[in-house]
Amino acid sequence: LSSEIGCSSADLLQSLAFGVSYGTKYIFSDQGLHCGPMLSTVEQMVGYPATLLSDLSRTHYAVLLGEDPERLHWGTHQVGQSYCARLKHSRTVRKTKVVTGHAQPYSWMQDVDLHLNLRPGTEPFLLLGMLSISINKNWVDSQYIRDYTRGYAEIVELLKPWSLERCAEICGLTASEISGVALKFSRAAMALVHPGPGFFLNRHGALGGWAWMALHMISANALRPGGIYENPGGIDL
């Protein structure tokens, strides 16, 4: 079948995984981040561009996790610039701080304020550690939590076994490295965690997706311009 429709078996499987995902083993997928023909098809299906939102370059504090998106061609913004170029511009005009977390440094390290050298596949636990310390230190937006969220008390209980120190040990970081990022994230006017290519492709991907959204919720960045990253491919329904 793949040879008859003019695409490789791998391309066909990727398209099927995105389009017919009912019963998938993992809730979260980064299929929507892939470029090329599949991305074009997705855009036709949803009716609008499915590349990274401009909010990434409008935020004041960005935490980029996963593979180096610039090296993997994370696409071009609607105005014709790469997202890397827009982040560089934002760093100049908005003083945006950029933190990266991965086992390997990004190719554009000169434009990054801090790189966290994570153990491979431990990005979900970095977010879990940030979530834990933010709640324990009350680095949260209490009004937003009260008015727009449910289940906060249950989350506090569930996070008790996942201390900052435990998460830091899993990630191969110090507790102060994670707490420092969490504090600045909570205090930023607009903050964002960007789950890049590969972020969801490990057995803890669903945990990472949950921690990613919960962190934006407790800091009131879920609906704020320049806040949460809302690519339609983030949730594999």
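Nothing here was measured: the structure is a model prediction, and the numbers come from that model.

Asks: Residues and numbers for the pattern of salt bridges, please.
Replies: Within the structure shown, the criterion is met by three salt bridges. A salt bridge links Arg91 to Asp113; the shortest N-O distance between them is 2.5 Å. In this pair, Arg91 sits in helix α4 (residues 83–93) while Asp113 sits in the loop between β2 (97–102) and β3 (114–117), placing the two residues 22 residues apart along the sequence. Assessed through its relative accessible area of 39%, Asp113 is described here as partly exposed. Between Lys160 and Glu157 there is a salt bridge; the shortest N-O distance is 2.9 Å. On the accessibility criterion, Lys160 (57% relative accessible area) is exposed.

Asks: Can you explain the nonpolar core? Please cite residues and give values.
Replies: Judged by nonpolar contacts, the single largest core of 37 residues is most densely connected at Leu126, Leu127 and Met130. Among the elements that make up this core, the one with the highest residue count is helix α5 (residues 123–136) (eight residues). Those residues in contact with Leu126 that lie beyond four places of it in its chain are Leu65, Leu116, Leu118, Cys171, Leu173 and Ile178. Among the nonpolar cores identified, the runner-up in size contains eleven residues, and Ala62, Tyr83, Val98 and Tyr106 belong to it.

Asks: Describe unusual backbone geometry, with residues and values.
Replies: The residue Lys95 is not glycine, and still its phi comes out positive at about 60 degrees. In this fold, Lys95 is placed in the loop between α4 and β2. Overall, the relative accessible area of 58% leaves Lys95 in the exposed class.

Asks: Please provide a residue-by-residue account of the confidence of the model for the protein, values included.
Replies: Per-chain confidence: the protein averages 76 in pLDDT, with 66% of residues scoring 70 or above. Across residues 18–38 the pLDDT falls below 50, and counting only partners more than four positions away or on other chains, this stretch makes 49 contacts in the model. In the model, residues 229–237 has pLDDT below 50 throughout and makes 32 contacts with residues more than four positions away in sequence or in other chains.

Asks: Which residues make up the packing of aromatic side chains, and what values do they have?
Replies: Each aromatic ring pair is summarised here by two numbers: the centre-to-centre distance and the angle between the ring planes. Counted by the stated rule, this structure contains four aromatic pairs. Plain terms: the ring middles of Tyr61 and Phe185 are 6.5 Å apart, the flat faces sit at 80 degrees to each other, and that makes the pair edge-to-face. Of this pair, Tyr61 sits in strand β1 (residues 61–65) while Phe185 sits in helix α9 (residues 175–187), placing them 124 residues apart in sequence. The buried category is assigned to Tyr61, whose relative accessible area is 5%.

Asks: Let's hear about helix α8 (residues 164–171): which residues, and what values?
Replies: Buried within α8 are the following residues: Leu164, Cys167, Ala168 and Cys171. All buried residues of α8 fall inside an arc of 100 degrees around its axis, so they share one side. For α8, the exposed residues lying more than 90 degrees away from the buried face are Glu165 and Glu169. Residues of α8 that are buried make contact with β3, α5 and α9. Directly beyond the C-terminal end of α8, a positive phi value near 80 degrees is found at Gly172.

Asks: How would you explain the environment of Val99 if you had to name every residue and give the values?
Replies: Here Val99 lies in strand β2. Here Val99 falls in the buried class, since its relative accessible area comes to 2%. Spatially, the C-alpha atom of Val99 lies 9.9 Å from that of Met109, the residues being ten residues apart in sequence. Setting aside residues up to four positions removed in sequence, Val99 forms contacts with Tyr61, Ala62, Val63, Leu64, Leu114, Leu116 and Val181.

Asks: Tell me what's going on with the packing of α5 against helix α10 (residues 205–218), and back it up with residues and numbers.
Replies: One can describe the packing of α5 onto α10 by two numbers: an axis separation of 8 Å at closest approach and a directional angle of 35 degrees. Regarding α5 and α10, the two cross each other, and that crossing is left-handed. Packed against α5, whose contacting residues are Pro124, Phe125, Leu127, Leu128, Met130, Leu131, Ser134 and Ile135, the element α10 presents Leu207, Gly208, Trp210, Ala211, Trp212, Ala214, Leu215 and Ile218 at the interface. Its residues assigned to classes, the contact of α5 with α10 comprises 14 nonpolar, two polar and no charged.

Rules used throughout
- Residues numbered from 1 in each chain as written.
- Predicted model: local features only at pLDDT ≥ 70, side-chain atom pairs only at ≥ 80, totals over all residues.
- Heavy atoms only, no water.
- Salt bridge = Lys/Arg side-chain N within 4 Å of Asp/Glu carboxyl O.
- Helix = DSSP H or I, 4+ residues; strand = E, 2+ residues; numbered from the N terminus.
- Buried < 20%, exposed > 50% of the residue type's maximum accessible area, 1.4 Å probe, protein only.
- Core = buried A, V, L, I, M, F, W, Y, C linked by side-chain atoms within 4.5 Å.
- Contact = heavy atoms within 4.5 Å.
- pLDDT = per-residue confidence, 0-100.
- Phe/Tyr/Trp six-rings, centres within 6.5 Å; stacked < 30°, edge-to-face > 60°.
- Arc of directions from axis to C-beta.
- Axes fitted to C-alpha atoms, helices over the stretch in contact; angles between N-to-C directions.
- Left-handed = near helix turned anticlockwise from the far one by under 90°.
- Nonpolar A, V, L, I, M, F, W, Y, C, P; charged D, E, K, R; others polar.

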